[in-house]
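If you want the building blocks of each chain, they are given just below.
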Amino acid sequence: MRRLFHAVLLGLIGAGIVHIVVLMLVPDFSERDAWSRLAMASDLYRMTRLDAEAGGAPVVKSVDPLFYAAACRFDLAEGLVRIKAPGHVPFWSVSVYDRNGHNFYSFNDHTATGGVLDTVVLTPAQMIDVRRELPEELQGAIFVEAPIEEGIFVIRAFVPDDSWKPIVSRFLEQSSCELQEY
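Residues numbered from 1 in each chain as written. Predicted model: local features only at pLDDT ≥ 70, side-chain atom pairs only at ≥ 80, totals over all residues. Heavy atoms only, no water.

- Named according to an unreviewed UniProt entry, the protein is DUF1254 domain-containing protein originating from Mesorhizobium abyssinicae.

Shown next, in the form of structure tokens:
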């Protein structure tokens, strides 16, 4: 009886360990990650609405109905990326993710000059080149030095009530994600 109890206990512990390892590896083997879903919805350097407000099914389901979101995929091997959005909304925040969905940088409108979204994402090598001779049009931009080649830039904007929905939607629809050759 004691051996049977020992064998069952070892089996349960082993099954628990295998179960936890499999759960931890699911994101690495998933073909429906954020990068893949955005790739199906749009091309590189193109802002894509993530919420259902843009019409159709949402690319990524939001857990907060008071925020609208848009994202663009980029490849820094082709050059630096500039993200801009005209106008003002009650609150916005941005996050930069690597291809696997790991967030490595985020900020909000309180960090930006005048609350205006103007950001440049670039590699450390590109940053050295830009610092040598900073173009006039990039003077007020926030520079994000990214230790990656491919990534996703996500903008989230707060919608306090229904009267703000068209303003926030316009803010996201007019946002741009452009490859800048430098």
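**Focus on the UniProt feature "transmembrane region" (unreviewed entry) in the protein**
Thought 1: With numbering matched to this structure, UniProt assigns "transmembrane region" (unreviewed entry) to residues 7-26.
Thought 2: Spanning residues 7-26, this segment combines 100% helix with 0% strand, and its end C-alpha atoms are found 29 Å apart. (UniProt positions renumbered as here; feature names shortened; annotations may be inferred. Helix = DSSP H or I, 4+ residues; strand = E, 2+ residues; numbered from the N terminus.)

**A closer look at the nonpolar core**
Thought 1: Core analysis: the biggest nonpolar cluster contains 30 residues, and F74, F153, I155 and F171 have the highest contact counts within it.
Thought 2: Elements with a minimum of two residues in this core: β2 (67-75), β3 (80-85), β4 (92-98), β6 (117-122), β7 (142-145), β8 (150-158) and α4 (165-173).
Thought 3: Per element, the largest residue contribution to this core is four residues, and it comes from β2.
Thought 4: Sequence-distant contacts of I155, defined by excluding residues within four places in its chain, comprise M47, Y68, A69, A70, I83, S93, V94, L117, F171, L172 and S175.
Thought 5: The next biggest cluster of nonpolar side chains, apart from the first, holds eight residues, and it includes W35, L50, Y97 and I152. (Core = buried A, V, L, I, M, F, W, Y, C linked by side-chain atoms within 4.5 Å. Buried < 20%, exposed > 50% of the residue type's maximum accessible area, 1.4 Å probe, protein only. Contact = heavy atoms within 4.5 Å.)

**Details of the state of the cysteines**
Thought 1: If you walk through the whole model with that rule in mind, you get one disulfide.
Thought 2: One disulfide in the model links C72 with C177; its S-S distance is 2.1 Å. Sign of the S-S torsion, about 60° for the bond between C72 and C177, identifies this disulfide as right-handed. With C72 in strand β2 and C177 in strand β9 (residues 176-180), the pair connects residues that are 105 residues apart, well separated along the chain.
Thought 3: Using a relative accessible area of 0% as the deciding quantity, one classes C72 as buried.
Thought 4: Under the relative-accessibility criterion, C177 is labelled buried at 4%. (Disulfide = S-S within 2.5 Å.)

**Describing the sheet that holds β3**
Thought 1: With mixed pairing, the four strands of this open sheet are ordered in space as β7-β6-β3-β9. In the strand order of this sheet, the two ends are held by β7 and β9, each with one partner. Going across the sheet, the axis of each strand differs from the next one's by a mean of 20°, ignoring polarity.
Thought 2: Pairing between β6 and β7: four bridges, direction parallel. Across the sheet, the residue bridging to V120 is F143, located in β7. (Pairing = 2+ DSSP bridges. Axes fitted to C-alpha atoms, helices over the stretch in contact; angles between N-to-C directions.)

**Overview of the side chain of D98**
Thought 1: Looking at the element boundaries, D98 is found in strand β4.
Thought 2: For D98, the side chain forms a polar contact with the main-chain nitrogen of N100, separated by 3.0 Å.
Thought 3: Of the polar contacts made by the side chain of D98, one reaches the backbone nitrogen of H102; its length is 2.8 Å.
Thought 4: Contacts of D98, omitting those with residues within four sequence positions, involve F104, I148, E150 and G151. (Polar contact = N/O pair within 3.5 Å; in protein donor to acceptor, adjacent residues only side chain to side chain.)

**Digging into the packing of aromatic side chains**
Thought 1: Under the defined criterion, the tally for this structure stands at four aromatic pairs.
Thought 2: Residues F67 and F158 carry aromatic rings whose centres are separated by 5.5 Å and whose planes lie at 50° to one another, so their mutual orientation is tilted. Here F67, found in strand β2, pairs with F158, found in strand β8; they are 91 residues apart in sequence, far enough to count as distant.
Thought 3: A relative accessible area of 24% means that F158 is categorised as partly exposed.
Thought 4: Geometrically, the ring pair formed by W92 and F107 is edge-to-face, given 6.0 Å between the ring centres and 80° between the ring planes. Taken together, the residues W92 in strand β4 and F107 in strand β5 (residues 103-108) connect sequence positions 15 residues apart. (Phe/Tyr/Trp six-rings, centres within 6.5 Å; stacked < 30°, edge-to-face > 60°.)

**Digging into the pattern of salt bridges**
Between side chains of opposite charge, pairing is possible as soon as their charged atoms come close.
Thought 1: Applying the stated criterion across every chain, the model contains five salt bridges.
Thought 2: With a closest N to O distance of 3.4 Å, R49 and E173 form a salt bridge. Of this pair, R49 sits in strand β1 (residues 48-49) while E173 is found in helix α4, placing the two residues 124 residues apart along the sequence.
Thought 3: Since its relative accessible area comes to 10%, R49 is described here as buried.
Thought 4: By relative accessible area, which is 53% here, E173 ends up exposed.
Thought 5: R82 serves as the salt-bridge partner of D118, at 2.8 Å between the closest nitrogen and oxygen. Taken as a pair, D118 in strand β6 and R82 in strand β3 lie far apart in primary sequence, 36 residues in all.
Thought 6: According to the relative accessible area criterion, D118 is buried, its value standing at 14%. (Salt bridge = Lys/Arg side-chain N within 4 Å of Asp/Glu carboxyl O.)

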